[in-house]
Amino acid sequence: EPGVGITCAKSCPPDGRRVAAGCDDAAVRIFSIMDKQPNETIKETSMVLLGHKNGFPVFDVDWNRNGRHLLSSGGDGSIRLWDTMAVGPYGTVAKPSSPTRRTSLSGKDKKKKDEAEPMEVETEMGVPGSKEESKELKSGAALAVYRGHAPSCPVWSVKFAPSGYYFASTASDATGRIWTTDRTTPVRILTGHTSASVHCVEWHPNCNYVLTGADDRTVRMWDVQSGRCMRLLNAGSSGIHALSVCPSGQYCAGSDALGTIHLWDLGSGKKINEFRKLPVTTKSTKRDHGGNPILQMNTSKNVAQMVHTLSFSACGTALASGGDDCTVHVWNVKSAYGEGTRPGLMKPHCSFQTRRTMILDLNFTKRNLLLGVGSFTMPLLSPPVVVEQ
């Protein structure tokens, strides 16, 4: 929709036939590609979920493993659970009707009280430039609202556990919290980060541990049963904004604000390697005053571009990353922990360039198919140049 910005997006498991997008107008929009042709563009949303207050953006969404229930977290400090398959009066999202003006008309001769009842006529007050109201969407329903973080603190991230019953969240109150879907208050509070903003959260595949990344340049692994910090993983460069754990649970990957991807061994807590985009070197030939060719090597400087999403393959040997550079990079994890590898000098195994799509979510299927979701960014138009004669 024009004028609506997408802040986050997630593809629905297991095949990505639906995509949930959090928007900057406090709404969650769900797009369906079930009946679309390969070259057909999705023009309209199949569902709009309204519930977050005060017009704050929705910062994160996450699907349950059943592909039906959805979690969303926003700037209003709340977490909301949605049923995206609900149909009926409880799942109807009704839009307000246009304002009307009521006028009463009565006859001059009033014989009886019953006969002299005024007739009400509704006259629409048209607003120039207004659009027709969209039809009511008869699917989707809000099931629960969870509030437990500090007041007026945006909830940056929310994540369902692999089991589906628990979920975890992080906010700008320097804490992470663990919830259950049948209780509106947290069952565990994870405290230990030294910075206010805890940006991301990720579950371990065995559901016994939760990992959080924050602006204090650390990743902490917590025990779900006791709430204690079991591992402290240091990044060393800047705050962590995205996390992913390999299916075996042995390795954890985290990306910082500068675009560097860190790889840790969860067993020892040591950093194994770093992945970063290498500067591009180009060759150019110039001639001196005598006409002799001179070969010059031009190396471009790396611009810090944030990585928004990380995903391990089903076999755990590949790591996909995507972010502001509109490119999906696939890294070879096996060669990262080999002998003689230097941090930050590895090249991606392969890269996939998009036109102007900022990558917001990547997901490997069980068949090692990589699904990506992004937000198309329009180029900035330069102002017209006026030439005076």
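Scroll up for the structure.
Description of the structure in this document. (Residues numbered from 1 in each chain as written. Predicted model: local features only at pLDDT ≥ 70, side-chain atom pairs only at ≥ 80, totals over all residues. Heavy atoms only, no water.)

1. Comments concerning the overall build of the protein chain
The helix and strand inventory of the protein chain stands at zero helices and 32 strands. In the protein chain, which comprises 389 residues, the share counted as buried stands at 42%. A sequence separation of at least 24 residues applies to 46% of the contacts in the protein chain between residues at least 6 apart. Approximately 22500 Å² of the protein chain is accessible, and the part contributed by carbon and sulfur atoms is 52%. (Helix = DSSP H or I, 4+ residues; strand = E, 2+ residues; numbered from the N terminus. Buried < 20%, exposed > 50% of the residue type's maximum accessible area, 1.4 Å probe, protein only. Contact = heavy atoms within 4.5 Å. Areas by Shrake-Rupley, 256 points an atom, 1.4 Å probe, with all protein chains shown as cover.)

2. Description of the pairing of strand β3 (residues 27–32)
Two elements, strand β2 (residues 18–23) and β3, share five bridges in a ladder whose sense is antiparallel. Paired with V19 across the strands is F31, a residue of β3. Turn length for the β2-β3 hairpin, with the two strands adjacent in sequence and antiparallel, is three residues, and the turn residue A26 shows positive phi of about 70°. Sheet topology places β3 next to strand β4 (residues 47–50); four bridges connect them, and they run antiparallel. The residue bridging I30 from the neighbouring strand is M47, located in β4. (Pairing = 2+ DSSP bridges.)

3. Some details on the state of the cysteines
Within this structure, the stated rule accounts for zero disulfides. Its sulfur unpaired, C246 is 8.7 Å from the next cysteine sulfur, which belongs to C252. (Disulfide = S-S within 2.5 Å.)

4. Quick look at the side chain of D361
Structurally, D361 is set in strand β31 (residues 357–364). An unpaired buried charge is present at D361: no salt bridge exists, and K10, the closest side chain of opposite charge, is 4.9 Å distant. Polar contacts involving the side chain of D361 include one to the main-chain amide nitrogen of S11, which spans 3.3 Å. Those residues within four positions of D361 in sequence are excluded, and the remaining contacts are A9, K10, S11, T309, L371, G372 and V373. (Lys, Arg positive; Asp, Glu negative; His and termini not counted. Salt bridge = Lys/Arg side-chain N within 4 Å of Asp/Glu carboxyl O. Polar contact = N/O pair within 3.5 Å; in protein donor to acceptor, adjacent residues only side chain to side chain.)

5. As for unusual backbone geometry
With an omega of 0°, the peptide bond between P13 and P14 qualifies as cis. For P14, the location among the structural elements is in the loop between β1 (6–11) and β2. Positive phi is not limited to glycine here, since S152 has a value of about 65°. Topologically, S152 is positioned in the loop between β12 (141–146) and β13 (155–160).

6. What about the packing of aromatic side chains?
Throughout the structure, instances matching the rule amount to seven aromatic pairs. Ring centres of F160 and F167 lie 6.2 Å apart, and the angle between their planes is 70°; this geometry places the pair in the edge-to-face category. Classification of F167 as buried rests on a relative accessible area of 0%. Site record: aromatic cluster; members linked through ring pairs are Y146, F160, F167 and W179. (Phe/Tyr/Trp six-rings, centres within 6.5 Å; stacked < 30°, edge-to-face > 60°.)

7. Considerations on the sheet that holds strand β17 (residues 198–203)
Taken in spatial order, the four strands make up an open sheet running β17-β18-β19-β20, and their pairing is antiparallel. Strands at the two margins of the open sheet, each flanked by one partner only, are β17 and β20 (229–234). Taken over all neighbouring pairs, the strand axes of this sheet differ in orientation by 20° on average, direction set aside. Sheet analysis places strand β19 (residues 218–223) next to β20, joined by five bridges and oriented antiparallel. Residue W222 lies in a different strand from β20, and its bridge partner there is C229. (Axes fitted to C-alpha atoms, helices over the stretch in contact; angles between N-to-C directions.)

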